[in-house]
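Listed here are the chains, written in short residue letters.
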2 protein chains.
Amino acid sequence: MTREVILYGLGSMGQRIARLALERGYRIAGAIDLDRAKAGQPLSRVLGLPKGTCDATVSDDAASVLAATTGAVVLQATSSFLAQVAGPIAHCLEQGHDVISIAEEMTFPAAASPETADRLNRIAAQHGVRLLGTGVNPGFAMDMLVLALTVPCGRVDYILATRTNDLSDFGPTVLTGQGVGLSPDEFHSAVADGRVVGHVGFDQSVALIARHLGWKIDRVEETRTPIMSTVTRATDHLTITTGQVAGCLHCMKAFVDGREVLHLEHPQQIRPDLEAQATSDRIIITGDQAIDMVIAPEIGGGAGTAAAAVNAIEYLACTAPGLIHLTDLPLNSPRALTA
Amino acid sequence: MTREVILYGLGSMGQRIARLALERGYRIAGAIDLDRAKAGQPLSRVLGLPKGTCDATVSDDAASVLAATTGAVVLQATSSFLAQVAGPIAHCLEQGHDVISIAEEMTFPAAASPETADRLNRIAAQHGVRLLGTGVNPGFAMDMLVLALTVPCGRVDYILATRTNDLSDFGPTVLTGQGVGLSPDEFHSAVADGRVVGHVGFDQSVALIARHLGWKIDRVEETRTPIMSTVTRATDHLTITTGQVAGCLHCMKAFVDGREVLHLEHPQQIRPDLEAQATSDRIIITGDQAIDMVIAPEIGGGAGTAAAAVNAIEYLACTAPGLIHLTDLPLNSPRALTA
């Protein structure tokens, strides 16, 4: 039987998820967004779809939408951080709904807060429902795809995963978080006081990989380095010149018994093409195999995260109720529905 | 608790599997090979390992070895074909052992014989044990890795997977099966009478992908084309000249509702480097993503198949007893043992 879906969060990513869920034939049982501009509007209008594509109306009253049905799958897309999504997610679980969240920290919530992860696991188990975090990064490009490539490996000595992308389509919020347009000095201050965060999700990727391979990580090293531009780079949102920061090279290294075993690097910048840098996902694994994988250009993050969320719906039932990790499931491929 | 392992078949692949299983800390509860030259010898000598590495002795009496213990995992490496492995596998299952087989047709036995697959499933379920087929190809390079790359896809329109490898290390048996050294006319006759088989496993790869994506395949088209050499190519085993066959380009296309959705192509030849052909695994997926993945050189088949077999041990328990497919399991990564 085709599952009913509740959309929770209709920002840019939530809208992509909504459109894909409709395209794939899921019935929308409810749509929640706290934005007053969206509340009360037909979902089809918010999604830019023809009138009548679906009959849901967006509501800012989460409690009523969640109570109106039970046994649905909530697709949650509101924030990157566990602290911000844990409350709303607990509410969904208590109402008897499964939850798939694209909050970056939800792909391995214990890496952000073991207590919160435990609490959500208990609530989900108690109510006989499942909770899963997914997305492209974390959730695929720098962790699940890495693990897929370890399948033909008898021994893994070292993993390097590099995701090089282009931020040119993003607006001020994203660009500020990567330090685009700052001077080198300003960049370092902004890292120090938390205005430049780089990528959210390395802790989750490291935890997913380490747990699946049975690695006990001693420590991680994290660096955020400015990517300096040596040319003028322009996007629709801003222009930077030589000597200004084009983005942030965020890296994390993880160590087992004092030895570096995992290196994740994620340079995020505007217009890398102007300095002859192609965008790509690259994964190198050494051990008894020597694997060098390149996907160029890189896997699309927006479309990929929406797909990961919608694809996961059909795989929730593969495990017992509680907090699920992607590593516990079969590959979450897009599965044709048997309605 | 660390599982006990029984080795069934100690040819080239069986020996690789045996060495890796020992390296990974599994206890060898028995070793079976019907070759009189190996029977009665210490396993360590057959494997070329120092005396005392393990205390098993190779036996050609399968019934006794299988009856001497119960609840082990049999790692089976004797033949590519279901018809040849089904009997021995049934025997292992009836003795209460799980079985992991690298027989190509065992990755999706129903594609070779639905009746035999059903029968093995019933026997396994009846005895509360599990049966899994795995390997690099089929089992990974042209199916599970393809499916891994569909995870960030909301819609998959078309898949092309190409595995280009080098047969130069192989001896006469393998080279004959690919038609190496024949004239074009001889090649076509050898395909017609079954002496040139090309790759074994396309039916299994198509079935794994189709079942996981929910595709109903109308029909497949299969071609075996000679790869003609335009230079002299030499290996330790033979030398061919211009106008002779260097190998076999084996292709399979699969159609859904009359539309081609999947194209697998596997050119296998000696010394592709002499005509500037790099070896690689390449996967292209079109749909709402445009994914172009290259692994160069290609994933090692021998090491990869041994790893796939040994890695699978820890994942058998993830599903109910019976015939298992790789698509039902979490990623079979090498997992550190918790002995």
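These figures come from a predicted structure and were not determined experimentally. (Residues numbered from 1 in each chain as written. Chains lettered and ligands numbered in written order. Predicted model: local features only at pLDDT ≥ 70, side-chain atom pairs only at ≥ 80, totals over all residues. Heavy atoms only, no water.)

Here's the deal with the overall build of chain A
Rule in force here: Per the convention used, a helix needs a DSSP run of H or I reaching at least four residues, while a strand needs a run of E reaching at least two, with both numbered from the N terminus. In this description the radius of gyration comes from C-alpha coordinates, and the expected globular size is given by 2.2 Å times residues to the power 0.38. Think of it in three bands: residues with accessible area under 20% of the maximum for their type are buried, residues over 50% are exposed, and the middle band is partly exposed, with areas taken using a 1.4 Å probe on protein chains only. Two residues form a contact once any of their heavy atoms are found within 4.5 Å. Each accessible area is a Shrake-Rupley estimate made with a 1.4 Å probe; only the visible protein chains count as cover when residues are assessed. For the purpose of charge, His is not counted, nor are the chain termini; Lys and Arg are scored as positive and Asp and Glu as negative. The atom standing in for a charge is NZ when the residue is Lys, CZ when it is Arg, CG when it is Asp and CD when it is Glu.
The secondary structure content of chain A amounts to 10 helices and 15 strands. Here chain A has a C-alpha radius of gyration of 20 Å; the compact-globule value for 339 residues is 20 Å, and the two agree. Counting all 339 residues of chain A, 55% fall into the buried class. Expressed as a percentage of contacts within chain A between residues at least 6 apart in sequence, the contacts between residues at least 24 apart total 71%. Total accessible area on chain A is roughly 13000 Å²; 51% of this is exposed by carbon and sulfur atoms. Placing the 25 positive and 36 negative side-chain charges of chain A at their respective mean positions leaves the two points 4 Å apart.

Examining the sheet that holds strand E8 (residues 219–228) of chain A
Hydrogen bonds between backbone atoms are what pair the strands of a sheet, whose relative direction is either parallel or antiparallel. Counted only if it meets this: A pair of strands is considered paired only if DSSP assigns at least 2 bridges between the two. Here an axis means a line fitted to C-alpha atoms, over the contact stretch when the element is a helix, while the angle between two N-to-C directions is reported on a 0 to 180 degree scale.
Read across the sheet, 12 strands follow the order E8(A)-E11(A)-E12(A)-E7(A)-E13(A)-E14(A)-E14(B)-E13(B)-E7(B)-E12(B)-E11(B)-E8(B) without closing on themselves; strand pairing throughout is mixed. Unpaired on one side and paired on the other, E8 of chain A together with strand E8 (219–228) of chain B mark the two borders of the sheet. This sheet shows a mean twist of 10° between the axes of neighbouring strands, independent of strand direction. Relative to strand E14 (residues 290–295) of chain B, strand E13 (residues 280–287) of chain B runs antiparallel, the two sharing six bridges. Among the inter-strand pairings, Ile284(B) is bridged to a residue of E14(B), identified as Asp292(B). Contacts between helix H8 (residues 184–192) of chain B and the sheet are confined to E8 and strand E11 (245–256) of chain B, with E8(B) contributing the most and set at about 150° to the helix.

Brief notes about the side chain of Thr279(A)
All names here are of chain A. What counts is decided by this rule: For the purposes of these results, a polar contact is taken to be a pair of N or O atoms within 3.5 Å, where, inside protein, one atom must be able to donate a hydrogen and its partner to accept one; residues adjacent in sequence count only when each atom of the pair is a side-chain atom.
Position of Thr279 among the secondary structure elements: in the loop between strand E12 (259–269) and strand E13 (280–287). By relative accessible area, which is 17% here, Thr279 ends up buried. A polar atom in the side chain of Thr279 sits 2.8 Å from the side chain of Glu298. Those residues in contact with Thr279, other than ones at most four positions away along the chain, are Thr164, Asn165, Asp166, Pro272, Ile295, Ala296, Pro297 and Glu298.

Side note on the relation of the copies chain A and chain B
As a reminder, the rule being used: For this overlay, a least-squares fit was computed on C-alpha atoms, restricted to residues scoring pLDDT of at least 70 in both copies.
For the pair chain A and chain B, the relating rotation is 180°, the translation along its axis is 0.0 Å, and the fit reaches an RMSD of 0.0 Å. Such a turn and shift between the copies fits a two-fold axis. When C-alpha positions in chain A are compared against the rotation axis, the closest is assigned to Pro330(A), at 2.3 Å. Same-surface contact between copies: 98% of interface residues of chain A are shared with the interface of chain B.

Side note on the domain arrangement of chain A
Residues and elements named next belong to chain A. Quick note on the threshold: An automatic or database domain assignment is the source of the domain bounds shown. Summed over both partners, the accessible surface that disappears when two parts come together, traced with a 1.4 Å probe, is what is meant by buried area.
Along its sequence, chain A is carved into domain 1 (4–135 + 303–328) and domain 2 (144–298). Taking only C-alpha atoms into account, the centre of domain 1 sits 27 Å from that of domain 2. Tallying the contact residues gives 12 residues for domain 1 and nine residues for domain 2. The junction of domain 1 with domain 2 conceals about 990 Å² of combined surface from both sides, 70% of it contributed by carbon and sulfur atoms.

Some words on the nonpolar core
Here is the rule we go by: What we call a nonpolar core is a set of buried Ala, Val, Leu, Ile, Met, Phe, Trp, Tyr and Cys residues that are connected through their side-chain atoms within 4.5 Å.
Membership of the largest hydrophobic core comes to 136 residues, with the highest contact counts inside it found for Leu7(A), Leu43(A), Leu75(A), Trp215(A), Leu43(B), Leu75(B) and Trp215(B). Those residues in contact with Leu43(A) that lie beyond four places of it in its chain are Leu7(A), Leu10(A), Ile28(A), Ala31(A), Cys54(A), Ala56(A), Thr57(A) and Val58(A).

A word on the interface of chain A and chain B
The criterion, for reference: What makes a salt bridge here is a side-chain nitrogen of Lys or Arg within 4 Å of a carboxyl oxygen of Asp or Glu, nothing more.
Each partner contributes to the interface: chain A provides 46 residues, whereas chain B provides 45 residues. For the chain A face of the interface with chain B, the top three residues by lost area are Val151(A), His212(A) and Leu331(A), together amounting to 18%. There are zero salt bridges connecting chain A and chain B. In this structure, the connection of chain A to chain B is made through 19 residue pairs in polar contact (both at pLDDT 80 or more). Taken together, the elements giving at least two residues each to the side of chain A that touches chain B come down to helix H1 (12–23), helix H6 (144–149), helix H9 (202–213), strand E14 (290–295) and helix H10 (301–312) of chain A.

A word on the UniProt feature "domain: 2,4-diaminopentanoate dehydrogenase C-terminal" (unreviewed entry) in chain A
The following threshold applies: UniProt positions are given in the numbering used here, feature names are shortened, and annotations may be inferred rather than shown by experiment.
The UniProt feature table records "domain: 2,4-diaminopentanoate dehydrogenase C-terminal" (unreviewed entry) at residues 140–332 of chain A. Each end of residues 140–332 of chain A is marked by a C-alpha atom, and these two atoms are 10 Å apart; helix forms 23% of the span and strand 34%.

Observations concerning the packing of aromatic side chains
For clarity, the cut-off: We call Phe, Tyr and Trp rings a pair once their centres come within 6.5 Å, taking the six-membered ring for Trp, and we label the pair stacked below 30 degrees between planes, edge-to-face above 60, and tilted otherwise. Comment: the charge-over-ring label is applied if NZ (Lys) or CZ (Arg) is within 6 Å of the ring centre and within 35 degrees of the ring normal.
This structure, assessed with the given rule, holds zero aromatic pairs over all chains. For Arg219(A), the ring lying beneath its charged end belongs to Phe255(A), and the centroid distance is 3.9 Å.

Some thoughts on the sheet that holds strand E6 (residues 130–133) of chain B
Residues and elements named next belong to chain B. Taken together, seven strands build an open sheet; the order of strands is E3-E2-E1-E4-E5-E6-E15 and the sheet is parallel. Either end of the sheet is taken by a strand with one partner, and the two such strands are strand E3 (58–59) and strand E15 (322–324). Where strand E1 (residues 4–8) and strand E2 (residues 27–32) come together, five bridges link them in parallel fashion. Residue pairing across strands places Tyr8 opposite Ile32, the latter belonging to E2. Packing against the sheet, helix H5 (residues 114–126) makes contact with E6 and E15, and its axis sits at approximately 120° to E15.

Digging into the pattern of salt bridges
All names here are of chain B. Summed over all chains, the structure comprises 28 salt bridges over all chains. For Arg27, the salt bridge goes to Glu4, with nearest N and O atoms at 2.6 Å. Taken together, the residues span a long stretch of sequence, with Arg27 in strand E2 and Glu4 in strand E1 at a distance of 23 residues. Exposure remark for Arg27: the relative accessible area of 46% places this residue in the partly exposed category. The class for Glu4 is partly exposed, based on a relative accessible area of 24%.

Re empty space enclosed by the protein
Applied cut-off: Definitions used throughout: a 1 Å grid over protein atoms alone; a cavity as a set of points that fits a 1.4 Å probe which cannot get out; a pocket as an open set with protein on both sides within 12 Å along at least five of seven lines; a lining residue as one with an atom within 4 Å of a point. Grid points are joined across faces, edges and corners, and a volume is the space filled by probe spheres set on the points. Amino acids are sorted into nonpolar (Ala, Val, Leu, Ile, Met, Phe, Trp, Tyr, Cys and Pro), charged (Asp, Glu, Lys and Arg) and polar (every other residue, Gly among them).
Considering all chains together, one arrives at two cavities of 30 Å³ or more under this definition. Quantified by volume, the largest cavity comes out at close to 100 Å³. In terms of residue count, the dominant contributor to the lining of the largest cavity is H6(A) (three residues). In terms of residue class, the lining of the largest cavity is built from 11 nonpolar, two polar and no charged. Put simply, the second largest cavity is a space of about 80 Å³. Forming the boundary of the second largest cavity are Val151(A), Thr134(B), Gly139(B), Phe140(B), Met144(B), Leu326(B), Leu329(B), Pro330(B), Leu331(B) and Asn332(B). A breakdown of the residues in the lining of the second largest cavity according to their chemical character gives seven nonpolar, three polar and no charged.

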